Amino acid sequence: MDKRNISLHFVQVLLLAALCLPLAAVEGNPFLSPYKTPFDTPPFDRIQLAHYLPAMQEGMKRQQAEIDAITANPKPPTFENTIVAFDMSGQLLGDVGSIFYALLEAATSQPMQDVANELAPLLSAHNDNINLNDKLFARVKAVYDRRALLKLDAAQRYLLENIYRGFVRSGAQLDEKQKARLREINKEHSLLALKFGDNVLAETNSSFIVIDNKDDLAGLSDGIIAEAAATAKTRNLEGKWVFTAQKTSWIPFLQYSPKRSLREALFACFFMRGDRDNDKDNKAVLQRLLVLREERYRLLGYKTPADYYLEPRMAKTPENVRSFLMRLWTPSLERAKGEAAEMQKLIDGENGGFKLASWDWWYYAEKLRKAKYDLDDSALRPYFKLENVQQGMFTLAEKLWGLKFVARKDIPVYDPEVRVAEVREGDGTLLGILYMDFFPRDNKRGGAWSGTLRGTFYKDGKRVVPFATLNGNFTKPTAGTPSLLSLDEVLTSFHEFGHALNWLFTDSRYRSNFAPQDSVELPSQMMEHWVLEPEMLKLYAKHYQTGEVIPAELVEKLKRSSLFNQGFVTVEFLASCFLDMAWHSLESALDVNVTRFENKLMADLGLIPEILPRWKSPYFTHIHSGYEAGYYSYIWSEQLDCDAFEAFKETSLFDRKTAALFRKNILAKSGTEDPMTLYKRFRGREPRIEPLLKKRGLL
Ligand SMILES: [Zn+2]
């Protein structure tokens, strides 16, 4: 579900390594001469593994020369000769890097990962040379200090402020002693963050239950049992069944197994990870990470880590995040209490003789779901053939913005499964190229994502068109059946299509994009809203054999069931959001007992014992790998997309005028101006929380 953006300007200072540039074999390297492909798309038919490293090294060399030219300029610093010149530096590096890191996820190999490891310290040192370049920062600051006198438009002001802020946030204003301490902190922090993740991985792999009695498999489907047998085999436990702390293993077991004590044992495998007082325990690691963060951000002038992380985001302050979360918390907790009571009634009705516990929730929720909605995922799939879904996305983009998608067979691809389309405006203008890579492969990572093989900007007054990617791991076709998607997969493909449209529509003079984390899911989650609208379903959800449109009563059932268990889902998610914010709002974590801190926070919130936070502190990996004080971002974006979609509800589902406003202010401009300003320009006001509450059944 993520949006990938390779920013080579500001990468955290990690390692200092000498930048040695061997004589790169320039000759025959396709990156170093014009591509001679349609639209200058990457020449995948000629790129070989050996080309990346020398091309990236040449790219670093060129960017360093460009930076040197900026700092050596005898003329006084101006917006053009410093800020624009900096933004335009490193194009070769950016172009090669975009391709390399896209393929590292979608078409990887051990030798490719070796190249990535070789590149990491080189890039890190290269970025240090830029971020800690005093002369460069002095020029940037000189322009920034005179910003009120310069006649800059909104996009120019935003670029200047963000470039300046990027330097400051990396420590450019610190004295030498402070910079040295910052490097020490960064080094210890990066190693500890890796250790935290490694511990969680080790604990996930070593936490499992073994079943050797067939009776203990009661209630489980053949598929789940076969999977557990295969897992046992990989652990040399042939003939037995193993269930692990992986979600794909423990959730089905907790949903379907009537064996209460086994459910309890397996759930503990999951929620006790990193909390067993063994050599993989993460409590002390977490505490040290927080102490380091506190010191780092105090050094940079912030009261708490949360203040640092929130500064560039849409939410702006930790207080704004907390009050937003609180408005969701109260009604969802009420609802969850109701759900728990309903389950207790079911237990009592069966003369269970026990009180609902956290490891019982999935089992009784499943029972209730079946009784109330009787909905089977496999009944939906025939209506969601991949090709129909893809055509549905294209039709939607045509109805809203007049776009045309034309398949291109002559554009080189990195794998024969990849499909390419050129995307044109209604008047024929080329908007960009879209690469679609739908199916799982051994050389591809899991999940779904969207990125670019080349970003967009203006060169000599002309728009350089972007190359967007849409990646998934969707159900593959088999000999007799085409690819039939689950509803979840349909939502995911519309989601990633939304990210891709965002890339394609981006209309920016500059290469840098500063879209904050808590706004990037607006364009993607927005597209999900059309998926189940009856008017939209008519256009694409047709039975792959009969062509019959999905029956209305099936859709109605689906819609009703979408509110089921939402109290639980929202509460367990929000509990982790509060936890993340609380950890990063401390001024000192030095004397904090991790377990007591978490328990007290949950008690203060009134969390019921039948629900645990989705991520407990000892295995909350997000908050050490990019989502620091940022776990709330998902639901913050959801507030935006729910409110934004209401604009179509207020007019009509395919309203061209609303679509044009959304494109002009959000899709084309995100990352180039303040996100709240852009949103207000689209909606005429700030986002309201009510549509989100309504969607989750909390109103
Ligand atoms: Zn996403």
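Bear in mind the structure is a predicted one, so any value in this text is a computation, not a measurement.

Across its full length, the protein chain holds 26 helices and 10 strands. In terms of C-alpha radius of gyration, the protein chain reaches 26 Å, essentially the compact-globule figure of 27 Å for 699 residues. Overall, the protein chain is about 85 × 65 × 55 Å in size when its C-alpha atoms are taken along their principal axes. Sorting the 699 residues of the protein chain into buried and exposed places 56% on the buried side. Considering only contacts in the protein chain between residues 6 or more positions apart, those separated by 24 or more positions represent 76%. With an accessible surface of roughly 30,100 Å², the protein chain has 53% of that area assigned to carbon and sulfur atoms.

Another aspect to go through is the nonpolar core. The biggest cluster of nonpolar side chains holds 160 residues, and the ones touching the most others in it are Phe243, Phe384, Trp401 and Trp530. Here the element with the most residues in this core is helix α21 (residues 566–584); it accounts for 11 residues. Apart from residues no more than four positions distant in its own chain, Trp530 is found in contact with Leu396, Leu400, Met536, Phe645, Phe648, Leu653 and Phe654.

The full count for this structure, using the stated rule, is 52 salt bridges. Put simply, Glu422 and Arg424 hold a salt bridge, and the shortest N to O gap is 2.6 Å. When its relative accessible area of 6% is taken as the criterion, Glu422 is described as buried. Using a relative accessible area of 24% as the deciding quantity, one classes Arg424 as partly exposed. Note that Arg663 and Glu425 form a salt bridge whose closest N and O atoms lie 2.7 Å from each other. You can see Arg663 sitting in helix α24 (residues 656–667) and its partner Glu425 sitting in the loop between β5 (419–424) and β6 (430–437), a full 238 residues away along the chain. The pair formed by Arg663 and Glu425 is uniform in burial state, with each residue classed as buried. Linked through salt bridges whose partners overlap, the residues forming this network are Asp415, Glu417, Asp437, Arg441, Lys444 and Lys476.

A few words on the confidence of the model for the protein chain. Summary statistics for the protein chain give a mean pLDDT of 93 and a share of 96% for residues scoring 70 or more. Under a pLDDT of 50 for its full length, residues 4–25 has, in the predicted model, 54 contacts with residues more than four places off or in other chains.

Here we come to the side chain of His529. Counting through the fold element by element, His529 comes out in the loop between α18 (522–528) and α19 (534–540). Polar contacts involving the side chain of His529 include one to the side chain of Asp641, which spans 2.7 Å. Among all residues touching His529, those that are not within four sequence positions of it are Asp641, Cys642, Phe645 and Lys695.

To continue, consider helix α23 (residues 633–650). With 18 residues, α23 extends 26 Å between its outermost C-alpha atoms, agreeing within 8% with the 26 Å of an ideal straight helix rising 1.5 Å per residue. For α23, the tally of buried residues reaches 14 of 18 residues, placing the bulk of the element in the interior.

As a further point, take the packing of aromatic side chains. Across all of its chains, the model carries 50 aromatic pairs by this definition. Ring geometry for Tyr297 and Tyr309: centres 5.2 Å apart, planes at 70°, overall edge-to-face. With Tyr297 in helix α11 (residues 283–299) and Tyr309 in helix α12 (residues 305–310), this residue pair connects regions lying 12 residues apart in the sequence. For Tyr297, a relative accessible area of 2% corresponds to the buried category. Look at Tyr309 and you get buried, because its relative accessible area is 9%. Members of the aromatic cluster, each reached through a chain of ring pairs, are Trp250, Phe267, Phe270, Phe271, Trp361, Trp362, Phe568, Trp615 and Tyr619. A cation over an aromatic ring shows up here: Arg445 above the ring of Trp449, its NZ or CZ 4.0 Å from the ring centre. A cation sits over an aromatic face here: Arg511 above Phe457, 5.9 Å from the ring centre.

It is worth spelling out the state of the cysteines at this point. According to the stated counting rule, one finds zero disulfides in the structure shown. Here Cys577 stays free of any disulfide, with the sulfur of Cys642 as its closest cysteine sulfur at 15 Å.

This next bit is on the packing of helix α1 (residues 49–71) against helix α5 (residues 134–145). Where α1 contacts α5, the axes come no closer than 9 Å and their chain directions differ by 55°. As summarised for this structure, α1 and α5 are arranged oblique, according to the angle between their axes. As α1 runs across α5, the sense of the crossing is left-handed. The residues of α5 that touch α1, namely those facing Ile67, Ile70 and Thr71, are Lys135, Leu136 and Arg139.

As a further point, take unusual backbone geometry. Of note, the phi angle at Asp277 is positive, near 50°, even though the residue is not glycine. Mapped onto the elements of the fold, Asp277 is located in the loop between α10 (260–271) and α11. The exposure class assigned to Asp277 is exposed, which follows from its relative accessible area of 65%. Of note, Asp460 is a non-glycine position whose phi angle comes to about 50°, a positive value.

A separate point is the environment of Thr71. When you line up the elements, Thr71 lands in helix α1. Taking the C-alpha atoms as reference, Thr71 lies 25 Å from Gly461; in sequence the two are 390 residues apart. Contact partners of Thr71, with chain neighbours within four places excluded, come to Asn133, Lys135, Leu136 and Arg139. A polar atom in the side chain of Thr71 sits 3.1 Å from the backbone oxygen of Asp68.

The subject of this paragraph is the packing of helix α9 (residues 247–256) against α10. As a packed pair, α9 and α10 sit with axes 10 Å apart at the nearest point and diverge in direction by 155°. Judged by the inter-axis angle, α9 sits roughly antiparallel to α10. Crossing of α9 over α10 shows left-handed handedness. Contacts between α9 and α10 involve Lys247, Trp250, Phe253 and Leu254 on the former and, on the latter, Leu262, Arg263, Leu266, Phe267 and Phe270. Residues belonging to the contact of α9 with α10 are distributed by class as follows: seven nonpolar, no polar and two charged.

Glancing now at the pairing of strand β3 (residues 241–244). The two faces of β3 match: Trp241 and Phe243 on one face and Val242 and Thr244 on the other face are all buried. When strand β2 (residues 208–211) meets β3, the two strands line up antiparallel, connected through four bridges. Counted as the bridge partner of Ile211 is Trp241 from β3.

Its place among the elements puts Thr506 in the loop between α17 (487–505) and α18. Residue Thr506 is classed as buried on the basis of its relative accessible area, which comes to 7%. Discounting chain neighbours no more than four positions away, the residues touching Thr506 are Thr456, Arg463, Asn513, Leu667 and Ala668.

Burial of strand β10 (residues 467–471) is extensive: five of the five residues sit out of reach of the surface. As defined by bridge partners, β6 adjoins β10 across five bridges and the pair is classed as parallel. Residue pairing in the sheet places Met436 in a bridge with Leu470 of β10.

Scoring rules and cut-offs
Residues numbered from 1 in each chain as written. Predicted model: local features only at pLDDT ≥ 70, side-chain atom pairs only at ≥ 80, totals over all residues. Heavy atoms only, no water. Helix = DSSP H or I, 4+ residues; strand = E, 2+ residues; numbered from the N terminus. Rg over C-alpha atoms; globule rule 2.2 N^0.38 Å. Buried < 20%, exposed > 50% of the residue type's maximum accessible area, 1.4 Å probe, protein only. Contact = heavy atoms within 4.5 Å. Areas by Shrake-Rupley, 256 points an atom, 1.4 Å probe, with all protein chains shown as cover. Core = buried A, V, L, I, M, F, W, Y, C linked by side-chain atoms within 4.5 Å. Salt bridge = Lys/Arg side-chain N within 4 Å of Asp/Glu carboxyl O. pLDDT = per-residue confidence, 0-100. Polar contact = N/O pair within 3.5 Å; in protein donor to acceptor, adjacent residues only side chain to side chain. Expected span 1.5 Å × (residues − 1). Phe/Tyr/Trp six-rings, centres within 6.5 Å; stacked < 30°, edge-to-face > 60°. Lys NZ or Arg CZ within 6 Å of the ring centre and 35° of its normal. Disulfide = S-S within 2.5 Å. Axes fitted to C-alpha atoms, helices over the stretch in contact; angles between N-to-C directions. Parallel < 35°, antiparallel > 145°, perpendicular 65-115°, else oblique. Left-handed = near helix turned anticlockwise from the far one by under 90°. Nonpolar A, V, L, I, M, F, W, Y, C, P; charged D, E, K, R; others polar. Pairing = 2+ DSSP bridges.

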